[in-house]
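# Commentary on secondary and tertiary structure
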Amino acid sequence: MPLYEKYIRRVEPYVPGEQPNFPDMIKLNTNENPYPPSPEVQKAIDSCSLSSLRLYPDPTSHKLNKAIANRYGLKESQVFTGVGSDDVIAMCFLTFFNSDKPLLFPDITYAFYPVWAEMLRIPYTLIPLNDDFEIVPEDYCRENGGIIFPNPNAPTGALLPLECIESIIKSNPDSIIMVDEAYIDFGGQSAVSLIEKYDNLIVVQTFSKSRALAGMRIGYAMGNEKLIKALNDVKYSFNSYTMNRQVIEAGAAAVRDEEYFQSIVNKIISTRERAKKEFTALGFKFKDSMSNFLFVTHPEWKAKDLFEALKEKHIFVRYLRGKRTDNYLRITIGTDEEMDTLFEFLRNYKG
Ligand SMILES: *Cc1c(COP(=O)(O)O)cnc(C)c1O
């Protein structure tokens, strides 16, 4: 074995959800929005001339950051944007989690967290969810070098009330607490309101789910100016021009169209509430979800078999193995028509 082999960084990569492409497919496997983005996004993309693309974009992505800051009542200096929240969270890991003490996150959670921790050699400890798949705030009162969890959690969909988040932040004044709010717009209360009160809080959100722009890749972190400055310093030391011209225009246009945003989010919430009734009637068990997906199990059917049977009909859902979640499927809320096709299939499924 040549010596250089020893110096290659070896990582066990994160495996993203399958991206099949069939004209007739019903895609409920990666929590995308079933509706198109705001029509304002098209206009914004069209406003970028071909010749403008020869010039670098604004490295501060001022227009986008300003629009996000306005939406959340923050200063622009409290907002950081990146290429999807995956990019933003990876930058946060690199910037904030440099302690010898372990980073804490739940045992059942976004599968990317352990991958970033491993890649960046950040020690970490998994904190088990309780038997009801809930985060127990008291479990996070222990020595740590930082804390991250999604709210609502993924893939369970369970929402942690804001008081519980605040109690975790309060009991950890010496750590940075990151709340990954990829699904907060589907009925939860954002921790953004706590930013003024706690300097050690970072809230991350994304345009990929509630704003229907997964293909555009926009994520953002919000927190106190000092933390955001540190994050920017790391970003500029890595890649100054992460947000391209079209993304900056499109993202700003999407955030400004509040009315459209509310309308698609409300449609998804009402389809989700109907889906809860349908799944219950079909004998499925699941914890209440405040996200755009349900994490379901059936007492008589094997999740893996059902996953395969659905796939054959080009209905894609997510099967995520794992010790405690082996018989579960994560099913994204699609349009009413898509969900009806799914329920029709399930009513005739024999197991
Ligand atoms: C989808 C998701 C993300 C990442 O989304 P991006 O498309 O990279 O913005 C981050 N965290 C959780 C929990 C998610 O489900």
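Residues numbered from 1 in each chain as written. Predicted model: local features only at pLDDT ≥ 70, side-chain atom pairs only at ≥ 80, totals over all residues. Heavy atoms only, no water.

## What to know about the pairing of strand β4 (residues 124-127)
Looking at chain direction, strand β3 (residues 103-106) and β4 are connected through 4 bridges and run parallel. Bridging from a neighbouring strand, Leu-104 pairs with Thr-125 of β4. Read as a crossover between parallel neighbours, the route from β3 over helix α4 (residues 112-119) to β4 is right-handed. (Pairing = 2+ DSSP bridges. Helix = DSSP H or I, 4+ residues; strand = E, 2+ residues; numbered from the N terminus. Right-handed = clockwise from strand over helix to strand, strands pointing away.)

## A closer look at unusual backbone geometry
Of note, the amide linkage connecting Asn-151 to Pro-152 takes the cis form, showing an omega dihedral of -5°. Inspection of the secondary structure puts Pro-152 in the loop between β5 (147-150) and α5 (162-170). At the junction of Ala-154 and Pro-155, the peptide bond is cis and its omega measures out at 5° in the coordinates. At His-314, a residue that is not glycine, the phi angle is positive and equals roughly 65°. Mapped onto the secondary structure, His-314 falls in the loop between α9 (303-312) and β11 (315-316).

## Regarding the packing of aromatic side chains
Two aromatic rings are characterised by how far apart their centres lie and by the angle between their planes. All chains considered together, the criterion is met by 28 aromatic pairs. On the basis of an interplanar angle of 65° and a centroid distance of 5.8 Å, the ring pair of Tyr-14 and Tyr-110 is categorised as edge-to-face. Within this pair, whereas Tyr-14 is found in the segment before β1 (26-27), its partner Tyr-110 is found in the loop between β3 and α4, the two being separated by 96 residues in sequence. Taken together, a centroid distance of 5.0 Å and an interplanar angle of 75° make the contact between Phe-279 and Phe-343 edge-to-face. With Phe-279 in helix α8 (residues 258-281) and Phe-343 in helix α10 (residues 336-348), this residue pair connects regions lying 64 residues apart in the sequence. With relative accessibility at 0%, the residue Phe-279 sits in the buried group. Taken together, Tyr-14, Phe-93, Phe-97, Phe-105, Tyr-110, Phe-112, Tyr-113, Trp-116 and Tyr-124 form an aromatic cluster joined through their ring pairs. Here the basic side chain of Arg-211 rests over the ring of Phe-261, its NZ or CZ set 4.0 Å away from the ring centre. One Lys or Arg, Lys-267, reaches over the ring of Tyr-35 and ends 4.2 Å from the middle of that ring. (Phe/Tyr/Trp six-rings, centres within 6.5 Å; stacked < 30°, edge-to-face > 60°. Buried < 20%, exposed > 50% of the residue type's maximum accessible area, 1.4 Å probe, protein only. Lys NZ or Arg CZ within 6 Å of the ring centre and 35° of its normal.)

## Brief notes about the pairing of β5
By the alternation rule, side chains of β5 split into Ile-147 and Phe-149 and Ile-148 and Pro-150, which are all buried. Pairing between β5 and strand β6 (residues 177-180): 4 bridges, direction parallel. In the strand pairing of β6, Ile-147 is matched with Ile-177. Following the chain from β5 across α5 to the adjacent parallel β6, one finds a crossover that is right-handed.

## Brief notes about the site of the ligand
Taken together, Gly-84, Ser-85, Asp-86, Tyr-110, Asp-180, Ala-182, Tyr-183, Thr-206, Ser-208, Lys-209 and Arg-217 are the residues near the ligand. Contact distances for the ligand include 3.0 Å between an oxygen atom and a backbone N or O atom of Asp-86. The separation between a nitrogen atom of the ligand and a polar side-chain atom of Asp-180 is 2.7 Å. When the ligand sits alone it has 380 Å² of accessible area, and the protein chains cover 92% of it. It is helix α3 (residues 84-96) that contributes the most residues to the shell around the ligand, 3 residues altogether. In the shell around the ligand, the residues fall into 3 nonpolar, 4 polar and 4 charged. (Near = heavy atom within 4 Å. Polar contact = N/O pair within 3.5 Å; in protein donor to acceptor, adjacent residues only side chain to side chain. Areas by Shrake-Rupley, 256 points an atom, 1.4 Å probe, with all protein chains shown as cover. Nonpolar A, V, L, I, M, F, W, Y, C, P; charged D, E, K, R; others polar.)

## What to know about the packing of α8 against α10
Taken N-terminus to C-terminus, the directions of α8 and α10 make an angle of 5°; their axes are 11 Å apart at the nearest point. By the angle class used here, α8 and α10 are roughly parallel. Counted together, Thr-271, Arg-274, Ala-275, Glu-278 and Phe-279 of α8 and Asp-336, Met-339, Asp-340, Leu-342, Phe-343, Leu-346 and Arg-347 of α10 form the full contact between these two elements. Its residues placed into classes, the contact of α8 with α10 shows 6 nonpolar, 1 polar and 5 charged. (Axes fitted to C-alpha atoms, helices over the stretch in contact; angles between N-to-C directions. Parallel < 35°, antiparallel > 145°, perpendicular 65-115°, else oblique. Contact = heavy atoms within 4.5 Å.)

## Here we look at the nonpolar core
Within the largest apolar cluster, 46 residues are counted, with the highest numbers of intra-cluster contacts made by Phe-149, Leu-201, Phe-207 and Met-222. Those elements that provide at least two residues to this core are α2 (62-72), β5, α5, β6, β7 (201-206), β8 (219-223) and α7 (245-256). Among the elements that line this core, the one with the most residues is α7, at 6 residues. Once you skip the residues sitting within four places of it in the chain, Phe-207 turns out to touch Leu-64, Ile-68, Ala-212, Leu-213, Ala-214, Ile-218, Tyr-220, Gly-251, Ala-254 and Val-255. One finds Tyr-35, Ala-154, Leu-342 and Tyr-349 within the second-largest nonpolar core, a separate group that totals 36 residues. (Core = buried A, V, L, I, M, F, W, Y, C linked by side-chain atoms within 4.5 Å.)

## So, the pattern of salt bridges
Overall, the coordinates contain 21 salt bridges when judged by the stated rule. Lys-27 serves as the salt-bridge partner of Glu-32, at 2.8 Å between the closest nitrogen and oxygen. Given the relative accessible area of 25%, Glu-32 is considered partly exposed. On the basis of relative accessibility, which here comes to 17%, the residue Lys-27 falls in the buried class. Of the charged contacts, one joins Asp-288 and Lys-276 as a salt bridge, the two residues approaching to 2.6 Å between their closest N and O atoms. Of this pair, Asp-288 sits in the loop between β9 (285-286) and β10 (293-297) while Lys-276 sits in helix α8, and the two are 12 residues apart along the sequence. Residue classification places Lys-276 among the buried residues on the basis of a relative accessible area of 9%. (Salt bridge = Lys/Arg side-chain N within 4 Å of Asp/Glu carboxyl O.)

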